[in-house]
Amino acid sequence: MPGPLADLLVIDLSRVLAGPYATMVLADLGARVIKVERPDGGDDARAYGPFINGHSAYFASINRGKQSIALDLKAPADRAVFEALLARADVLVDNYRPGVMARLGYGWDALHARFPRLIHAATSGFGQTGPDAKKAAYDMVVQALGGIMSVTGHAGGPPTRVGTSIGDITAGLFTVIGILAAVHDRRSTGAGQFVDVAMLDGQIAILENAIARFAATGQSPGPLGARHPSITPFAAYQCADAPIVIAAGNDQLFAALAAALGLPGDDPRFASNDARTTNADALAAVIEAVLGTKPAAHWLALLDDAGVPCGPLNNIGQALANRQVLARNMVVSTALPDGTPLIAAGNPIKLSAHADPATRAPAPALDGDRAAILQELGL
């Protein structure tokens, strides 16, 4: 696919989600991505459901637009192919545990000596340094360790995982940022560098308000359900038939909300954001007493007209059918390795100088591009 990164060749040794998500973003931006997979089954995600015609839709959605070659990096002939790829590559991405690449003979020092322009990005659970560097990690583990789960869910409820794999996806996005920073730096230095991204680091990096609250109070915050901890009203509120979200983030928006709902304008409990946050439960009761008289569609139309940020609580099907989502080309068409059509999330990065096509090339079959790649390498 043409794009701003069309001059980059990325060799992708990663599997499952964090690394493949990063290389998917690079591919969506035009980079050529060659997945190097194990001959005995390939990327673990090929075995993850849901399945369509025997193919993993999960794998296909994250690995669209890439190529695949199966190599055993302990076999001399396959190592020769891998090194021929590295000689041409701009970026190598892996998400092995620290130490694995070095045991294979492809640690950073060895790679940098042989391929000085190569950028090596390693995404791991805990990073390349520190006492826990070599521990195994999955998304659930870093969500728990990083504190995200402690502020997710409802007070007094069971431990609740964020509904998507935010540990993997955050690490993948930070990996893309690190790679692009290294590519930019190479333009002036001529040298590649090592990009070290940890899933746990990413979870700490996105704690934002939770860290500020801990710094201010010395107390670890807990879960608040759908409510924002320091902006009110900023939560889900029940109407006669369904809940809606209202996010009145300043005094002007609250005044517009109060006028639209006919709330009392002189209640000192609601005179400022700080007062409203202190009295969040009382304000919720006042708001829901009004909302409960009519259905959600009525209130959403009224609040939209008043300029108050609001929205329905969509399920996934409703979100994918949303007119704004569709207008922004955020549901694209791709395919399984056998050509079966599949929908997937689009690329949220819209660039004025590059097209944002409604289709993406399919995910590769395991080792499906071997012949073409070997011919290109002259092997």
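Coordinates for the structure precede this section.
Residues numbered from 1 in each chain as written. Predicted model: local features only at pLDDT ≥ 70, side-chain atom pairs only at ≥ 80, totals over all residues. Heavy atoms only, no water.

(A) Representation of the overall build of the protein within the structure. The number of helices and strands found in the protein is 16 helices and 13 strands. Overall size of the protein, expressed as C-alpha extent along the three principal axes, is 80 × 45 × 40 Å. Here the protein holds 379 residues, and 43% of them are scored as buried. Across the protein, the fraction of contacts at a sequence separation of at least 24, relative to all contacts at a separation of at least 6, is 69%. Accessible surface for the protein amounts to roughly 18,100 Å². Of this, 59% is attributable to carbon and sulfur atoms. Side-chain charges in the protein split into 29 positive and 34 negative, and the spacing between the mean points of these groups amounts to 4 Å. (Helix = DSSP H or I, 4+ residues; strand = E, 2+ residues; numbered from the N terminus. Buried < 20%, exposed > 50% of the residue type's maximum accessible area, 1.4 Å probe, protein only. Contact = heavy atoms within 4.5 Å. Areas by Shrake-Rupley, 256 points an atom, 1.4 Å probe, with all protein chains shown as cover. Lys, Arg positive; Asp, Glu negative; His and termini not counted. Charge placed at Lys NZ, Arg CZ, Asp CG, Glu CD.)

(B) Up close: the nonpolar core. Within the largest apolar cluster, 29 residues are counted, with the highest numbers of intra-cluster contacts made by Val 10, Leu 26 and Ile 179. Among the secondary structure elements, those contributing two or more residues to this core are helix 1 (18-28), strand 6 (91-94), strand 7 (119-124), helix 7 (166-189) and strand 8 (194-198). For this core, the element with the highest residue contribution is helix 1, accounting for seven residues. In this view, Leu 26 contacts Leu 5, Val 10, Ala 31, Val 176, Ile 179 and Leu 180; residues no more than four positions away in its chain are not counted. Counting 25 residues, the second largest nonpolar core, distinct from the first, contains Leu 13, Val 36, Leu 374 and Leu 377. (Core = buried A, V, L, I, M, F, W, Y, C linked by side-chain atoms within 4.5 Å.)

(C) Layout of the packing of aromatic side chains. Scanning the model with the defined rule gives three aromatic pairs in all. Arranged with centres 4.9 Å apart and planes meeting at 75°, the rings of Phe 82 and Tyr 106 form a pair that is edge-to-face. Here Tyr 106 lies in the loop between helix 4 (100-103) and helix 5 (108-114) and Phe 82 lies in helix 3 (residues 76-88), a separation of 24 residues in the sequence. Overall, the relative accessible area of 2% leaves Tyr 106 in the buried class. Positioned above the aromatic ring of Phe 254, the side-chain terminus of Arg 276 is 4.3 Å from the ring centre. (Phe/Tyr/Trp six-rings, centres within 6.5 Å; stacked < 30°, edge-to-face > 60°. Lys NZ or Arg CZ within 6 Å of the ring centre and 35° of its normal.)

(D) The pattern of salt bridges, seen in detail. Across all of its chains, the model carries 18 salt bridges by this definition. Across the pair Lys 35 and Asp 43 runs a salt bridge whose closest N-O atoms are separated by 3.0 Å. For Lys 35, a relative accessible area of 0% gives the class buried. For Asp 43, a relative accessible area of 3% corresponds to the buried category. A salt bridge links Asp 251 to Arg 276; the shortest N-O distance between them is 2.8 Å. In this pair, Asp 251 sits in helix 10 (residues 251-261) while Arg 276 sits in helix 11 (residues 273-278), placing the two residues 25 residues apart along the sequence. On the accessibility criterion, Arg 276 (1% relative accessible area) is buried. (Salt bridge = Lys/Arg side-chain N within 4 Å of Asp/Glu carboxyl O.)

(E) Examining the state of the cysteines more closely. Inspection of the entire model under this criterion finds zero disulfides. Here Cys 239 is not cross-linked by a disulfide; its sulfur's nearest cysteine counterpart is in Cys 310, at 9.5 Å. Overall, Cys 310 belongs to the partly exposed group, its relative accessible area being 23%. (Disulfide = S-S within 2.5 Å.)

(F) Highlighting the packing of helix 3 against helix 16 (residues 370-377). Direction vectors running N to C along helix 3 and helix 16 enclose 65°, while the axes themselves pass 11 Å from each other. Here helix 3 is positioned roughly perpendicular relative to helix 16, judged by the angle of their axes. In terms of crossing hand, the pair formed by helix 3 and helix 16 is left-handed. Contacts between helix 3 and helix 16 involve Asp 78, Val 81, Ala 84, Leu 85 and Arg 88 on the former and, on the latter, Arg 370, Ile 373, Leu 374, Glu 376 and Leu 377. Its residues assigned to classes, the contact of helix 3 with helix 16 shows six nonpolar, no polar and four charged. (Axes fitted to C-alpha atoms, helices over the stretch in contact; angles between N-to-C directions. Parallel < 35°, antiparallel > 145°, perpendicular 65-115°, else oblique. Left-handed = near helix turned anticlockwise from the far one by under 90°. Nonpolar A, V, L, I, M, F, W, Y, C, P; charged D, E, K, R; others polar.)

(G) Layout of the packing of helix 1 against helix 7. At a minimum axis separation of 8 Å, helix 1 and helix 7 run at an interaxial angle of 50°. With respect to each other, helix 1 and helix 7 are oriented oblique. Crossing of helix 1 over helix 7 shows right-handed handedness. Contact with helix 1, carried on its side by Ala 18, Tyr 21, Ala 22, Val 25 and Leu 26, involves Asp 168, Ile 169, Ala 171, Gly 172, Leu 173, Thr 175, Val 176, Ile 179 and Leu 180 of helix 7 and no other residues of that element. Split by residue class, the contact of helix 1 with helix 7 holds eleven nonpolar, two polar and one charged.

(H) Structural detail: a positive patch on the surface. A surface patch of positive charge is lined by Lys 74, Arg 97, Arg 103 and Lys 134. Summarising the element assignment, Arg 97 is placed in the loop between strand 6 and helix 4. Judged by its relative accessible area of 46%, Arg 97 is partly exposed. (Patch = residues over 30% accessible without salt bridge, like charges linked within 9 Å, V, L, I, M, F, W, Y side chains within 5 Å.)

None of the figures reported here should be taken as evidence of function without further support.
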